[in-house]
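Survey of secondary and tertiary structure
Below are the chains, spelled out letter by letter.
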Amino acid sequence: MSPIEVKGHTTICEIALTTSEYKTAERLTRDYRLYVVFNCSSVAEVLTVQDPSCMGWELIIRIERCHVGAEKIFGASK
């Protein structure tokens, strides 16, 4: 049995994979399946993609950070 990933949306929109999901698809190629369910809240349309790693995914890098204002730095400084 092939590993699968399922993504469901209430509309037709872009689909995102996590880095881990994409690397698994890339490693397993034709043994990996992506099931996409569009219009989940009405008439669902299920699409199956074998080897989704070859579809030309765009890497999005999001950097998360914490910040604090300078006044708090001055207030906390001894």
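A brief report on the enclosed structure follows. (Residues numbered from 1 in each chain as written. Predicted model: local features only at pLDDT ≥ 70, side-chain atom pairs only at ≥ 80, totals over all residues. Heavy atoms only, no water.)

Position of Thr11 among the secondary structure elements: in the loop between strand E1 (4-8) and helix H1 (19-28). Here Thr11 falls in the partly exposed class, since its relative accessible area comes to 42%. Sequence separation between Thr11 and Ala44 is 33 residues; the distance between their C-alpha atoms is 9.4 Å. With residues up to four places along the chain from it excluded, the contact list for Thr11 reads Phe38 and Asn39. (Helix = DSSP H or I, 4+ residues; strand = E, 2+ residues; numbered from the N terminus. Buried < 20%, exposed > 50% of the residue type's maximum accessible area, 1.4 Å probe, protein only. Contact = heavy atoms within 4.5 Å.)

On to the side chain of Asp51, then. Its location among the elements puts Asp51 in the loop between strand E3 (45-50) and helix H2 (70-76). No salt bridge is formed by the buried Asp51; the nearest opposite charge belongs to Arg30, separated by 5.3 Å. Sequence-distant contacts of Asp51, that is, excluding residues within four places in its chain, are made with Ala25, Thr29, Arg30 and Tyr32. (Lys, Arg positive; Asp, Glu negative; His and termini not counted. Salt bridge = Lys/Arg side-chain N within 4 Å of Asp/Glu carboxyl O.)

Take the pairing of E1 next. Every second residue of E1 is oriented toward a common face, the buried set being Glu5 and Lys7 and the non-buried set Ile4, Val6 and Gly8. Bridge count between E1 and strand E2 (residues 33-38): 5 bridges; the pairing is parallel. By the bridge assignment, Lys7 is partnered in E2 with Val36. Handedness of the β-α-β unit built from E1, H1 and E2 comes out right-handed. (Pairing = 2+ DSSP bridges. Right-handed = clockwise from strand over helix to strand, strands pointing away.)

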